[in-house]
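Chain by chain, the residues run as shown.
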2 protein chains.
Amino acid sequence: MLKPTTVALDAMGGDNAPGEMILGAIEATSLKKELQVLLVGQEELLKKELSLHNYDSERIHIVNATEVIETAEPPVNAIRRKKDSSMVVGMKLVKEGKADAFVSAGSSGAILVGGQIIVGRIKGVDRAPMAPLIPTEKGFSLLVDSGANVDARSSHLVQFAKMGSIYMEHVMGRKNPTVGIVNVGAEEEKGNALVKETFPLLKESKNINFIGSVEAREIPYGGADVVVCEGFTGNVILKLYEGVGGVLIKKIKGSLMTSLKTKIGALLIKGALKDTMKDFDATQYGGAPLLGLNGLVVKTHGNAKAAEVKNTLLQCITFNEQQIAQKIKQSILEEEKENEEK
Amino acid sequence: MLKPTTVALDAMGGDNAPGEMILGAIEATSLKKELQVLLVGQEELLKKELSLHNYDSERIHIVNATEVIETAEPPVNAIRRKKDSSMVVGMKLVKEGKADAFVSAGSSGAILVGGQIIVGRIKGVDRAPMAPLIPTEKGFSLLVDSGANVDARSSHLVQFAKMGSIYMEHVMGRKNPTVGIVNVGAEEEKGNALVKETFPLLKESKNINFIGSVEAREIPYGGADVVVCEGFTGNVILKLYEGVGGVLIKKIKGSLMTSLKTKIGALLIKGALKDTMKDFDATQYGGAPLLGLNGLVVKTHGNAKAAEVKNTLLQCITFNEQQIAQKIKQSILEEEKENEEK
């Protein structure tokens, strides 16, 4: 029998809440019988919205939370003060073992803070990185950290590499994933102080398939399965991906409107172009997990619609079934043992 | 009368040397009468190559240099040992005032080291950043630093902002250019330690049009005219631009080959697509100057062809006519005065 997975979904977070959150939950539960969703938010509002749809009332439940954390609020204050917010209530469900995962399209800052304060880090994990999948020529890579720790140290990056490898192998099914550290050149002697310090540590790390430096140019070609960097660089990578892709498509579309000839051409290639764009769109992969917590916390895009919410909920099933938190705990214990032996 | 500009061109550096270097020099001198080019490299080889073309022998001369610095050589060693290399000889021409600028498509590392050791920094300039133009939706922005200083400090970034503004205004003709610091969010309190330290310094800097943080997503849309960051982040930005663009085009081209319909469409839009790609290709803007030296040193792409070499040589004329080094000196003096007054 399949192990059931219960996900607490922040029904109030993001630009399209609660409508698209609820739709995503309905779609996901209709696809996977082992999934149960707890919609966390203002009960009356959610009841009304749910009543508009057909859904399995055995597997979608409402958990009341009267407050909402806004994107602009200072994260630490918001998490401390709004005890009855959908985010705090949802994360507490994970903390108390009533849910296996928490998913939100709300404020990134509040998710980071809440994840660490409420759900808590696995003992031995020093920093919890955000790890989204990014599209590549070959399919996708895991970027870790995409912005949770902008001033990380070398020992943190080593843990990012290990946790990222576990996630990529067991949740995404990439066997023995390659690990590369983002660098300004291919050679070991290249890099800033942090990379130079981290490189030898990654080289001697057991249980990861470290292939050395990966230059930013190589990332979109799939230069490494797990792309390791501190959160500042990771955030630049994630957002520049979006920016360059967006402008390029805009420019191409504009160029197709310049003459009758190109307009006819545009009609003929419209579908193919759209598919390619979809292929290179990060949102198709669902959310980004915060790795290294005592439970799963996943951030989806602020503008996520039902399809992305659904994908994120389904991803939680694999995470839960594969007992990723357990595997990370195990890896951290081994690391400590390695260090003691030295 | 126009002030004549003499450029020492490394005829031996880059993938396409000396052929494309020489062609670029011939094209540039035929366009601008005030330009003189000193081709630095192995005399016999260059003589032979030059003899194949028509050119103005009054304005293209050969300066003999018997050695060549290879891309793989450790830069410091190469510059110290190969005293008769095209790079060392060419930079000495700038140092001795026999040339106004040095242009090379050779090893970036050697250009950085040689620029600082041989040409030397302007007194008061702590670090010389590499500052290429990058394509944006609106046209182009200046990225400073794209990789020369991977562990820069806040005071360095402030100088990068000032030197970049001067270059953008006086060489590229962008009046009162906006300056943004690369950051993970728009708010002042966001950022890593370096950015948080630099932000207030930029805010109180005179003579720059600081507009605050620029997220990587906004860079391709032209979010700031002068994009300031340390060299590690800058290198990631420059190379990721290239990588994302490259993969996206490859994917689009591939998608157009999937059916007869899209193949016909592809024929109709081919020209427009090509123009867009050219528009978004960094090489059209010529080379990246090292700012803050006692003379101009410019790095062009390793795979530069005649057109890029020509553009780079023409850029040197404006740099020289506008007396950028003088303007930077002036700005540094003002900065020192400001600091004394505090």
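The structure we're discussing is the one just above.
For the structure given in this document, a descriptive report is provided here. Position numbers for residues start from 1 in each chain and track the written sequence from start to end. As they are written, the chains are lettered A onward and the ligands numbered 1 onward, keeping that order. Reporting in this predicted model follows two pLDDT cut-offs: at least 70 for local features of residues, and 80 or more for side-chain atom pairs to be given and counted; totals over whole chains, interfaces and linings ignore these cut-offs and use all residues. With hydrogens and water set aside, each side-chain value is computed from the structure's full complement of heavy atoms.

**A closer look at the environment of Glu336(A)**
Residue and element names in this part refer to chain A. Quick note on the threshold: Helix and strand definitions follow DSSP, with helices as H or I runs of at least four residues and strands as E runs of at least two, each counted in order from the N terminus. We call a residue buried when its accessible area falls under 20% of the maximum for its residue type, exposed when it is over 50%, and partly exposed in between, using a 1.4 Å probe and counting protein chains only.
With respect to the helices and strands, the residue Glu336 is situated in helix H11 (residues 324–341). On the accessibility criterion, Glu336 (33% relative accessible area) is partly exposed. Residues Glu336 and Gly124 lie 212 residues apart in sequence; the distance between their C-alpha atoms is 8.2 Å.

**As for the packing of helix H4 (residues 86–95) of chain B against helix H5 (residues 108–119) of chain B**
Packed helix pairs are specified by the crossing angle of their axes together with the interaxial distance, meaning the distance between the axes. Residues and elements named next belong to chain B. Our working definition: Under this scheme, a helix contributes an axis fitted over its contacting stretch, all axes are lines through C-alpha atoms, and angles between N-to-C directions fall in the 0 to 180 degree range. Crossing handedness is read from the near helix: turned anticlockwise from the far helix by less than a right angle, it gives a left-handed crossing, and turned clockwise, a right-handed one. The contact definition used throughout considers only heavy atoms, calling two residues in contact when any of these lie within 4.5 Å. Basically, the charged four are Asp, Glu, Lys and Arg, the nonpolar ten are Ala, Val, Leu, Ile, Met, Phe, Trp, Tyr, Cys and Pro, and anything else, Gly included, counts as polar.
Interaxial distance between H4 and H5 falls to 10 Å at its minimum, and their mutual angle equals 40 degrees. Considering the relative orientation of H4 and H5, their crossing is right-handed. Residues Met87, Val88, Met91, Lys92, Val94 and Lys95 of H4 lie in contact with H5, whose contacting residues are Ala110, Ile111, Gly114, Gly115, Ile118 and Val119. A class-by-class count of the residues in the contact of H4 with H5 yields eight nonpolar, two polar and two charged.

**What about the sheet that holds strand E7 (residues 178–183) of chain A?**
All names here are of chain A. In plain terms, the rule: Should DSSP find at least two bridges between two strands, the strands are regarded as paired.
Taken in spatial order, the five strands of this open sheet run E5-E6-E9-E7-E8, and their pairing is mixed. The open sheet is flanked by strand E5 (133–135) and strand E8 (209–215), the only strands paired with a single partner. For this sheet, the mean inter-axis angle between neighbouring strands, taken without regard to orientation, is 35 degrees.

**Examining the packing of aromatic side chains**
Residues and elements named next belong to chain B. Rules: What counts as a ring pair is set by centres within 6.5 Å for rings of Phe, Tyr and Trp (its six-membered ring), and what kind of pair is set by the plane angle: stacked under 30 degrees, edge-to-face over 60, tilted for all other angles.
In the structure shown here, the tally under the stated rule is four aromatic pairs over all chains. For the ring pair Tyr167 and Phe319, a centre distance of 5.9 Å and an interplane angle of 50 degrees mean the geometry is tilted. Of the two residues, Tyr167 is situated in helix H6 (residues 154–170) and Phe319 in helix H10 (residues 306–321); the sequence distance between them amounts to 152 residues. Note on Tyr167: relative accessible area 1%, which makes it buried.

**Overview of helix H8 (residues 231–255) of chain B**
Residues and elements named next belong to chain B. Put simply, the rule reads: By this rule, a helix spans an expected 1.5 Å times one less than how many residues it contains. N or O atoms within 3.5 Å of each other form a polar contact, as long as, within protein, one can give a hydrogen and the other can take it, and as long as residues adjacent in sequence are counted only when both atoms are side-chain atoms.
A rise of 1.5 Å per residue sets the reference length of H8, with its 25 residues, at 36 Å; its end C-alpha atoms lie 36 Å apart and thus fit the reference within 8%. The buried fraction of H8 amounts to 19 of the 25 residues, a majority that puts the element mostly inside the structure. The backbone nitrogen of Phe232 lies 2.9 Å from a side-chain oxygen of the residue at the head of H8, namely Glu230.

**Describing a positive patch on the surface**
Selection rule: Patch membership requires over 30% relative accessible area and the absence of a salt bridge. Like charges are linked within 9 Å, and nonpolar side chains (Val, Leu, Ile, Met, Phe, Trp, Tyr) within 5 Å. Accessible areas in this description were obtained via Shrake-Rupley with a 1.4 Å probe; residue shielding takes into account the shown protein chains only. When a carboxyl oxygen of Asp or Glu lies within 4 Å of a side-chain nitrogen of Lys or Arg, that pair is called a salt bridge. His residues and chain termini do not enter the charge count, which takes Lys and Arg as positive and Asp and Glu as negative. By convention, charge coordinates are those of NZ in Lys, CZ in Arg, CG in Asp, or CD in Glu.
A contiguous patch of positive charge, built from Lys253(A), Lys270(A), Lys274(A) and Lys278(A), is present on the exposed surface. Looking at the secondary structure, you find Lys253(A) in helix H8 (residues 231–255).

**Remarks on the relation of the copies chain A and chain B**
Worth spelling out the cut-off: Copies are brought into register by a least-squares superposition over C-alpha atoms of residues with pLDDT of at least 70 in both.
Mapping chain A onto chain B calls for a screw motion: a turn of 180 degrees about the axis and a shift of 0.0 Å along it, with 0.1 Å RMSD after fitting. Interpreted geometrically, this transformation is the action of a two-fold axis. For chain A, the minimum C-alpha distance to the rotation axis belongs to Gly265(A) and amounts to 1.9 Å. Of all interface residues in chain A, 100% are interface residues in chain B too; the two copies therefore contact each other through one and the same surface.

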